[in-house]
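# Examining the three-dimensional arrangement
What follows is each chain in one-letter form.
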Amino acid sequence: MIVRSFKELEGTDRHIKAASGTWESKRIVLAKERVGFSVHETVLYAGTETSMWYANHIEAVVCVEGEAELTDNETGMTYTITPGTMYLLDGHERHTMRIKEDFRCICVFNPPVTGREDHDENGVYPLLTEPEEV
């Protein structure tokens, strides 16, 4: 059994700040736990815009605080995301988040991330893995 809090992750190698400066994330469950998914608390900052494309992952996101505009870049559809709203990128959709007020969410990734990922020039997380245990 693993028990940990997001608070205890502050300032550790599980507390990731994006090179873009638009978000930070605390990864409470990672690939190294070997449970088949990862769980993160992510904050995207008010007034920022981030384009993403999880070509290698499925992501489910539940907003717990703040407000954002989510645009599906493939269809042009736009959604307002507020606390209690979930979106699921089950088709690897290219999308853009425009943050109206600091946006805190809980994210689940499959396959799990390692904690070393950051978005590349296309908004993609590389598919990184943990070495097999011997």
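Now for a description of the structure that goes with this document. (Residues numbered from 1 in each chain as written. Predicted model: local features only at pLDDT ≥ 70, side-chain atom pairs only at ≥ 80, totals over all residues. Heavy atoms only, no water.)

### Remarks on the nonpolar core
We count it as follows: By nonpolar core is meant a set of buried Ala, Val, Leu, Ile, Met, Phe, Trp, Tyr and Cys residues that side-chain atoms within 4.5 Å join together. Exposed residues in this analysis have more than 50% of their type's maximum accessible area, buried residues have under 20%, and partly exposed residues fall in between, with area computed by a 1.4 Å probe over protein chains only. Secondary structure elements are taken from DSSP: a helix is a run of H or I of four residues or more, a strand is a run of E of two residues or more, and numbering for both begins at the N terminus.
The biggest cluster of nonpolar side chains holds 21 residues, and the ones touching the most others in it are Leu-44, Ile-81, Tyr-87, Met-97, Ile-99, Phe-103 and Cys-105. Elements with a contribution of two residues or more to this core: strand 5 (58–72), strand 7 (86–89) and strand 8 (94–110).

### Notes on the side chain of His-95
Just so we agree on the cut-off: Throughout this description, a polar contact denotes any pair of N or O atoms lying within 3.5 Å of each other; where both atoms belong to protein, one of them has to be capable of donating a hydrogen while the other can accept it, and for residues adjacent in sequence the pair is counted only when both atoms sit in side chains. Residues count as neighbours in contact if any of their non-hydrogen atoms are within 4.5 Å of one another.
Tracing the backbone shows His-95 in strand 8. A polar contact of 3.0 Å, which involves the side chain of His-95, links it to the backbone oxygen of Glu-93. Contact partners of His-95, with chain neighbours within four places excluded, come to Thr-50, Ser-51, Met-52, Trp-53, Tyr-54, Leu-70, Thr-71, Asn-73 and Leu-89.

### What about a nonpolar patch on the surface?
What counts is decided by this rule: Each patch is assembled from residues with relative accessible area greater than 30% and no salt bridge, linking like charges that lie within 9 Å and nonpolar side chains (Val, Leu, Ile, Met, Phe, Trp, Tyr) that lie within 5 Å. Working definition of accessibility: Shrake-Rupley area with a 1.4 Å probe, residue cover restricted to the visible protein chains. Salt bridge, as used here: a side-chain nitrogen of Lys or Arg that lies within 4 Å of a carboxyl oxygen of Asp or Glu.
A grouping of Val-62, Val-64, Met-86 and Leu-88 is seen on the molecular surface, where their side chains present a nonpolar patch of about 310 Å² in accessible area. Going through the elements one at a time, strand 5 and strand 7 are the ones with two or more residues in the nonpolar patch. Among the secondary structure elements, Met-86 is positioned in strand 7.

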